[in-house]
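# Survey of secondary and tertiary structure
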Amino acid sequence: MIKLSDRLAGLEESVTLAITAKARAMKAEGRDVIGFGAGEPDFDTPENIKEAGIKAIRDGHTKYTAVGGINELKDAIIGKFNKENSLAYTRDEILVSCGGKHSIFNLFQAILNPGDEVIIPAPYWVSYPVMVALGGGTPKVVHTKESDGFRMSPEAFRAAINPRTKAVVINSPSNPTGAAYTEKELVKIAEIALENGLLIISDEIYERLSYDGFKVTSIASLSEEAKKSTVVLNGVSKTYSMTGWRIGYAAGPKNIIKAMTNIQSQSTSNPTSISQWAAVEAISGPQTEIDKMVAEFVKRRDSIVAGLNAIDGISCIKPQGAFYVFPNVSKLFGRKYKGSPIKGSVDLATYLIDEAGIAVVPGEPFGDDNFIRLSYATSMDHIVKGVKRIGEAVKELK
Ligand code: GLU
């Protein structure tokens, strides 16, 4: 057997995708499974975007494109930043990649040297620490508290910085908690990052999904200095229900974008030509579908939060954005099913899928074992049924 690369020590598949694959396999076997797993909107990709993809094929846009993305898409992204974030970028400050995840991967490959630390507030999206490690760096996790709305305090941020710190990851609204930072909080974070010469990595993939009038601010837009020290990451997957099309993008300092483009040039080449044309339509076409999705997500969020809070042993704070809830399930630990105790979030998630046909993601790989993550990017019907089933399953734990 060939020995694998030492770099991969401990590397496992992404749990968000693994849970979803398990739910899909169980459904294929005829099991009745309700999925709250991967963060993937259940809405279809809007018609105008699909048509743009079909037209791209008909128009013969089926060949290699510029590695970093077609100019039409870069210009659409530049227009979006101008209009929505008051940020001015040029084409050489933009890179289009094969999904938001690919943009982040490229970035860590581009900036890290062995020993470099990247501050990641927990709970975090499962892939950040893994990608930092694959880039040769060291993730430095800063735990946040549920009572602080899962937001990193300036004090905790400052305390985590040392001479090896290279960057900080801000994901607002957050996956998995849905927490979002106010502009005032971001000002403080930017100030500390700039004082210490850190790169701010701002993952804004859930930017358009915020509720109750919460205004999502791009940290890069706070000042010219903040912009110079920030790489903004975004994509079309979540906002336009385009997860399968795989289009993400990064905006930031030229030298970083150039390095990321070179990595792409030596690895994937351009993201799919057809998807790029569809993304042009998504970003620069009518935006009315988003408002409809957001209105639907609010209803779902309110329903799932209320339903989970009504279950004895579960408590759930109401998030400002994204489409996840991150309920605290620690009161269930120690309760038993058929004599075996639920010891943590992984046991609970396993119990829920195996015994109740409910797919949730355990909190442990997000950096906090007291929680589980549920995506409410699924129908209201599923939410109502699923939460009821969770309640019944929890009652079986003695
Ligand atoms: N980002 C989504 C999630 O957290 C999709 C799966 C993944 O890439 O992690 O569920």
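This one's a predicted model, so the numbers in the text were calculated from it and none came from an experiment. (Residues numbered from 1 in each chain as written. Predicted model: local features only at pLDDT ≥ 70, side-chain atom pairs only at ≥ 80, totals over all residues. Heavy atoms only, no water.)

## What to know about the overall build of the protein
Defined as follows: Secondary structure elements follow DSSP: runs of H or I no shorter than four residues count as helices, runs of E no shorter than two count as strands, and numbering proceeds from the N terminus. Using C-alpha atoms as the atom set, the radius of gyration is obtained and then compared with a globule rule of 2.2 Å times the number of residues to the power 0.38. Burial status follows relative accessibility: with a 1.4 Å probe on protein chains alone, a residue under 20% of its type maximum counts as buried, one over 50% as exposed, and anything between as partly exposed. Pairs of residues are marked as contacts when any of their non-hydrogen atoms sit within 4.5 Å. For every accessible area listed, the method is Shrake-Rupley and the probe measures 1.4 Å; residues are considered covered only by the protein chains on display. Here Asp and Glu are counted as negative and Lys and Arg as positive; His is not counted, and neither are the chain ends. By convention, the charge on Lys lies at NZ, on Arg at CZ, on Asp at CG and on Glu at CD.
Assigned secondary structure in the protein consists of 13 helices and 14 strands. In terms of overall dimensions, the protein is globule-like: its C-alpha atoms have a radius of gyration of 21 Å, near the 21 Å expected for 398 residues. Once the C-alpha set of the protein is aligned to its principal axes, its extents read approximately 60 × 55 × 55 Å. Counting across all 398 residues of the protein, residues that qualify as buried make up 55%. When contacts within the protein are restricted to residue pairs at least 6 apart in sequence, long-range pairs at least 24 apart make up 74% of them. Surface accessibility of the protein: about 17200 Å² in total, with carbon and sulfur atoms responsible for 53%. Each charge sign in the protein was given a centre, from 47 positive and 46 negative side chains, and these centres are 2 Å apart.

## Details of helix α13 (residues 380-395)
Using the following cut-off: Helix span, as expected, comes to 1.5 Å for every residue beyond the first.
Compared with an ideal rise of 1.5 Å per residue, which puts 16 residues at 22 Å, α13 spans 23 Å between its outermost C-alpha atoms and is within 8% of the ideal. When α13 is considered as a whole, its buried residues turn out to be Ile 383, Gly 386, Val 387, Arg 389, Ile 390, Gly 391, Ala 393 and Val 394. Contact partners of the buried residues in α13: β1 (34-35), α11 (288-309), α12 (345-356), β12 (358-359) and β14 (372-375).

## Considerations on the site of the ligand
Under the convention used in this document: Here, proximity means that at least one heavy atom of the residue falls within 4 Å of the molecule or strand. Under the rule applied, a polar contact is a pair of N or O atoms within 3.5 Å (in protein, one hydrogen donor and one hydrogen acceptor; residues adjacent in sequence only if both atoms are side-chain atoms).
Taken together, Ser 14, Thr 16, Leu 17, Ala 38, Gly 39, Lys 101, Trp 125, Asn 175, Lys 238, Tyr 324 and Arg 373 form the complete shell of residues around the ligand. In the environment of the ligand, an oxygen atom lies 2.8 Å from a nitrogen or oxygen atom belonging to the side chain of Asn 175. For the ligand, the accessible surface in isolation is 270 Å², of which the surrounding protein chains cover 88%.

## Focus: empty space enclosed by the protein
Taking a probe equal in size to a water molecule and rolling it over the atoms shows the remaining empty space. The condition is simple: Buried and open spaces are told apart on a 1 Å grid over the protein atoms alone, a cavity being a set of points where a 1.4 Å probe fits but cannot get out and a pocket being an open set with protein on both sides within 12 Å along at least five of seven lines. Residues with an atom within 4 Å of a point are the lining residues. Grid points are joined across faces, edges and corners, and a volume is the space filled by probe spheres set on the points. In the scheme used here, Gly and all other residues not listed as nonpolar or charged are polar, with Ala, Val, Leu, Ile, Met, Phe, Trp, Tyr, Cys and Pro taken as nonpolar and Asp, Glu, Lys and Arg as charged.
What the rule picks out here adds up to three cavities of 30 Å³ or more. Here the largest cavity is characterised by a volume of approximately 130 Å³. As for the largest cavity, its lining consists of 16 residues, of which Pro 121, Pro 123, Asn 171, Ser 174 and Tyr 181 are closest to the centre. For the lining of the largest cavity, the elements supplying multiple residues, two or more each, are β3 (117-122) and β5 (165-171). If one sorts the elements of the lining of the largest cavity by residue count, β5 sits on top with three residues. For the lining of the largest cavity, the per-class residue count stands at eleven nonpolar, five polar and no charged.

## So, the packing of α11 against α13
Our working rule: Axis geometry follows a simple rule: fit a line to the C-alpha atoms, using only the stretch in contact for helices, then measure angles between N-to-C directions, giving values from 0 to 180 degrees. Reported orientations rely on four angle classes, namely roughly parallel under 35 degrees, roughly antiparallel over 145, roughly perpendicular from 65 to 115, and oblique for the rest.
For the pair α11 and α13, the least separation of the axes is 10 Å and the interaxial angle reads 10 degrees. Between α11 and α13, the angle is such that the two are roughly parallel. Contacts between α11 and α13 pair Glu 296, Lys 299, Arg 300, Ser 303, Ile 304, Gly 307 and Leu 308 from the former with Met 380, Ile 383, Val 384, Val 387 and Ile 390 from the latter. Its residues placed into classes, the contact of α11 with α13 shows seven nonpolar, two polar and three charged.

## Some thoughts on the sheet that holds β3
What counts is decided by this rule: Note: two strands are recorded as paired if DSSP finds a minimum of 2 bridges between them.
Taking strand neighbours across the sheet as the criterion, the seven strands line up as β2-β8-β7-β6-β5-β3-β4 in an open arrangement whose pairing is mixed. Two strands bound the open sheet, and with one partner strand each, they are β2 (94-97) and β4 (138-143). Neighbour to neighbour, the strand axes of the sheet diverge by 20 degrees on average, direction disregarded. Bridge count between strand β7 (residues 230-235) and strand β8 (residues 248-251): four bridges; the pairing is antiparallel. Along β8, the bridge assignment pairs Asn 234 with Tyr 249.

## Notes on the packing of aromatic side chains
We count it as follows: Planes of paired rings set the category: under 30 degrees apart is stacked, over 60 is edge-to-face and the rest tilted, where pairs are Phe, Tyr or Trp rings (Trp by its six-membered ring) whose centres lie within 6.5 Å.
Counted by the stated rule, this structure contains 14 aromatic pairs. Ring geometry for Phe 43 against Phe 297: centres 5.4 Å apart, planes inclined by 65 degrees, an arrangement best described as edge-to-face. With Phe 43 in the loop between β1 and α2 (47-58) and Phe 297 in helix α11, the pair connects residues that are 254 residues apart, well separated along the chain. Accessibility expressed as a relative area gives 0% for Phe 297, which makes it buried. Consider the rings of Tyr 206 and Tyr 324, whose centres lie 5.5 Å apart with planes at 80 degrees: the pair is edge-to-face.

## Focus on helix α3 (residues 71-85)
Over its 15 residues, α3 extends 20 Å from the first C-alpha to the last, a length consistent with the 21 Å expected when each residue adds 1.5 Å. Taken together, the buried positions of α3 are occupied by Leu 73, Lys 74, Ala 76, Ile 77, Ile 78, Lys 80, Phe 81 and Asn 85. Looking at the buried side of α3, the elements it contacts are β2, β7, β8 and α10 (273-284). In the segment just after α3, Ser 86 is the residue with positive phi, at about 50 degrees.

## Some remarks on a nonpolar patch on the surface
Cut-off, in case you're wondering: Residues enter a patch when their relative accessible area is above 30% and they make no salt bridge; the linking distance is 9 Å between like charges and 5 Å between nonpolar side chains (Val, Leu, Ile, Met, Phe, Trp, Tyr). We define a salt bridge as a contact between a side-chain nitrogen of Lys or Arg and a carboxyl oxygen of Asp or Glu at a distance within 4 Å.
Nonpolar side chains collect at one region of the surface, where Leu 4, Leu 8, Leu 11 and Val 130 lie side by side and expose about 330 Å² of accessible area between them. Within the secondary structure, Leu 11 is located in the segment before α1 (15-28).

## Some details on the side chain of His 102
With respect to the helices and strands, His 102 occurs in helix α4 (residues 100-111). His 102 sits in the buried class, given a relative accessible area of 12%. With sequence-adjacent residues up to four places away left out, His 102 is seen in contact with Ser 97, Gln 264 and Thr 268.

Everything listed here is a matter of coordinates, which is why it stays silent on function.
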